[in-house]
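# Breakdown of the fold
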Amino acid sequence: MHELSMAQGIINAVLETADENNATEVNEVTIEIGRLAMVNPEQLEFILGVLVENTLVEDAKIIIEEIPVEIDCEDCGFHGNAIIDDKDHYAPMVKCPECDSFKIEILNGKDIIVKNIVIEKPEGE
Ligand SMILES: [Zn+2]
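Report on the accompanying structure. These numbers come from a predicted model, not from an experiment.

Another point: the coordination of the zinc ion. Ideal coordination angles are 109.5 degrees for a metal with four donors arranged tetrahedrally and 90 or 180 degrees for a metal with six donors arranged octahedrally. Protein-derived coordination of the zinc ion comes from Cys-73 (SG), Cys-76 (SG), Cys-96 (SG) and Cys-99 (SG), at a distance range of 2.3 Å. Sequence positions of the residues that donate to the zinc ion give the spacing C-x2-C-x19-C-x2-C. Here Cys-76, found in the loop between β3 (70–73) and β4 (79–81), pairs with Cys-96, found in the loop between β6 (93–95) and β7 (104–108); they are 20 residues apart in sequence, far enough to count as distant. Assessed through its relative accessible area of 40%, Cys-76 is described here as partly exposed. Look at Cys-96 and you get buried, because its relative accessible area is 0%.

Right, dumping it as structure tokens:
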């Protein structure tokens, strides 16, 4: 499952950062998901909830933010957020909101990013 490997990657990255910072606990994790990352946010959240068991992230609040798709239109020069037809979540169509062109360059929206984590450190540090 696509979401499973994504979730595993996210948790590994969070645990690595927590470890580097001598965290005793992770309180909060914010994840940004591009609308074109081909990930179902509910499914991802569910899997994350399972994977964090018995780790430092176990009690963390997990915040998932969906970010819009930013494009440059080659036909009319529009720059901004695209219209996405994602009736089929795994094969979304992206087009220019100004001229309906599909000749666009996608600048943003394909990635999954761990945007922020809040950790707890041992007393006295
Ligand atoms: Zn256009």
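Across the sheet, three strands lie side by side as β4-β3-β7; this open sheet has antiparallel pairing. Two strands lie at the open edges of the sheet, namely β4 and β7, each paired on one side alone. Each strand axis lies, on average, 30° off the axis of its neighbour in the sheet, ignoring direction.

Helical geometry: 3.6 residues make up each α-helical turn, so side chains three or four residues apart lie on a common side. Every buried residue belonging to helix α2 (residues 41–51) is among Pro-41, Leu-44, Ile-47 and Leu-48, and all of these are buried. Taken down its axis, α2 places every buried residue within 125° of arc, on the same side. Of the residues in α2, the exposed ones pointing more than 90 degrees away from the buried face are Glu-42 and Phe-46. Summarising the contacts, the buried residues of α2 are in contact with α1 (2–20), β1 (25–34) and β2 (61–67).

A regular strand places its side chains on the two faces of the sheet in alternate fashion. Pairing geometry for β1 and β2, over seven bridges, is parallel. Residue pairing across strands places Glu-28 opposite Lys-61, the latter belonging to β2. Between the parallel elements β1 and β2, the chain passes through α2 in a crossover that is right-handed.

Tracing the chain through its elements places Glu-32 in strand β1. For Glu-32, a relative accessible area of 14% corresponds to the buried category. Ignoring anything within four residues of it in the chain, the contact list for Glu-32 reads Glu-65, Ile-67, Asp-111, Ile-112, Ile-113 and Lys-115.

As a further point, take the environment of Ile-71. On the secondary structure map, Ile-71 appears in strand β3. Residue Ile-71 is classed as buried on the basis of its relative accessible area, which comes to 0%. For the pair Ile-71 and Glu-53, spaced 18 residues apart in sequence, the C-alpha separation works out to 38 Å. Excluding anything up to four places from it in sequence, Ile-71 contacts Phe-78, His-79, Gly-80, Ala-82, Val-94, Lys-95, Cys-96, Pro-97, Ile-104, Glu-105, Ile-106 and Leu-107.

Definitions and cut-offs
Counting restarts for each chain: residues are numbered from 1 in the order of the written sequence. Under the rules for a predicted model, residues below a pLDDT of 70 receive no local features and side-chain atom pairs below 80 are neither given nor counted, while totals for whole chains, interfaces and linings still include all residues. Values reported for side chains reflect all heavy atoms of the structure, with hydrogen atoms and water molecules removed beforehand. Coordination shells were defined by N, O and S atoms within 2.8 Å of each metal, extended to 3.2 Å for Na, K and Ca; water is absent from the atom set, which can make sites look incomplete. A run of H or I in DSSP becomes a helix once it reaches four residues, and a run of E becomes a strand once it reaches two; helices and strands are each numbered from the N terminus. Three exposure classes are used, based on accessible area relative to the maximum for each residue type with a 1.4 Å probe and protein chains only: buried under 20%, partly exposed in between, and exposed over 50%. Here the rule is simple: two strands pair whenever DSSP picks up at least two bridges between them. Interaxial angles span 0 to 180 degrees and are taken between N-to-C directions of axes, which are lines fitted to C-alpha atoms, for helices over the stretch in contact. An arc is given here, and it is the one of the directions from the helix axis to the C-beta atoms. Every residue pair with non-hydrogen atoms within 4.5 Å of one another is taken to be in contact. Whether a crossover is right-handed depends on one test, that the path from the first strand over the helix to the second runs clockwise when the strands point away from the viewer.

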